[in-house]
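Residues per chain, in single letters:
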Amino acid sequence: ITIATNGTILNDRARRMMERCNVHVNISIDSLIPERYAEIRVNGDLSEVLANFQEYRAYCHADGRNLAVMVNPMRMNWDEMADFVWFTSEHQVFLWFNTIRYPEHLALHNLSRDELTHIHDTLAAKELPTPAKGPEGDPCRGNIEVFERFVHTQVATWRDEAGDRP
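This structure is a prediction, so every number in the text was calculated from the model and none was measured. Residue indices follow the written sequence of each chain, beginning from 1 at its first position. Totals for whole chains, interfaces and linings use all residues, but because this is a predicted model, local features are given only for residues with pLDDT of at least 70 and pairs of side-chain atoms are given and counted only at 80 or more. For the side-chain quantities, the full set of heavy atoms in the structure was used; hydrogens and water were omitted.

### Some thoughts on the overall build of the chain
Each helix corresponds to a stretch of at least 4 residues labelled H or I by DSSP, and each strand to a stretch of at least 2 residues labelled E; elements are numbered beginning at the N terminus. Across its full length, the chain holds six helices and four strands. The secondary structure elements of the chain, listed N-terminal to C-terminal, are β-α-β-α-α-β-α-β-α-α. The size measure is the radius of gyration over C-alpha atoms, and the globule rule it meets is 2.2 Å times the number of residues to the 0.38 power. Taken over C-alpha atoms, the radius of gyration comes to 17 Å for the chain, in line with the 15 Å a tight globule of 166 residues would show. The principal-axis extent of the C-alpha atoms belonging to the chain is close to 55 × 40 × 25 Å. Exposed residues in this analysis have more than 50% of their type's maximum accessible area, buried residues have under 20%, and partly exposed residues fall in between, with area computed by a 1.4 Å probe over protein chains only. Relative to its 166 residues, the chain shows a buried fraction of 44%. Contacts are assigned to residue pairs with any non-hydrogen atoms lying within 4.5 Å of each other. The contacts of the chain with a sequence gap of at least 6 include a subset with a gap of at least 24, amounting to 69%. Accessible surface, the chain: about 9000 Å² in total, of which carbon and sulfur atoms supply 50%. Surface exposure here means Shrake-Rupley accessible area, sampled with a 1.4 Å probe, where a residue is shielded only by the protein chains that are shown.

### A short note on the state of the cysteines
To count as a disulfide, a pair of cysteine sulfur atoms needs to be within 2.5 Å. Following the criterion strictly, the structure yields zero disulfides and no others. Note on Cys 21: no disulfide assigned, nearest cysteine sulfur contributed by Cys 60 at a separation of 13 Å. Its relative accessible area of 0% is what places Cys 60 among the buried residues.

### A look at helix H3 (residues 46–62)
Because an α-helix packs 3.6 residues into every turn, residues spaced three or four apart end up facing the same way. To estimate how far a helix should reach, multiply one less than its number of residues by 1.5 Å. Here H3 contains 17 residues, and its C-alpha end-to-end distance of 24 Å stays within 8% of the 24 Å for a straight helix at 1.5 Å per residue. Of the positions making up H3, those classed as buried are Leu 46, Val 49, Asn 52, Phe 53, Tyr 56, Tyr 59 and Cys 60. Projected onto a plane normal to the axis of H3, the buried residues spread over an arc of 135° and lie on a single side. Two residues or fewer past H3, Gly 64 is found with a positive phi of approximately 70°. It is the directions from the helix axis to the C-beta atoms that the arc portrays.

In structure tokens:
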């Protein structure tokens, strides 16, 4: 069973399900900056989510289950995407970027060519972690691949398709 959660609540009911089932977890975290997180997840508390993340992480790592951090790259947080590579790699969990289309005023795909060029070039210049050798480095290698695909395929395609859009 894979559970997707925003991570705000980890209660006894969820813990009982985790005890009874083989649960893999996808947790959505859209910013590592507390104020920005609270803006995106209206009044959300990043410290609570990170505490729950640690509990999910311990649970998943204890029995070889997958834990993935799902991120929604948007106009207000795109600059953090490399930070998520570092965060997930440090915690030996997987990273995934969702594609936000709506609401359009938060999406990246419909920005101007110049704005998308700036996002692409800024992210492409970010330093990324060096994976450990062997299987221990697999999550980091995978996270780098997810980031590179987002920057060099997704953002680059949007930029190239933007034409002269203002």
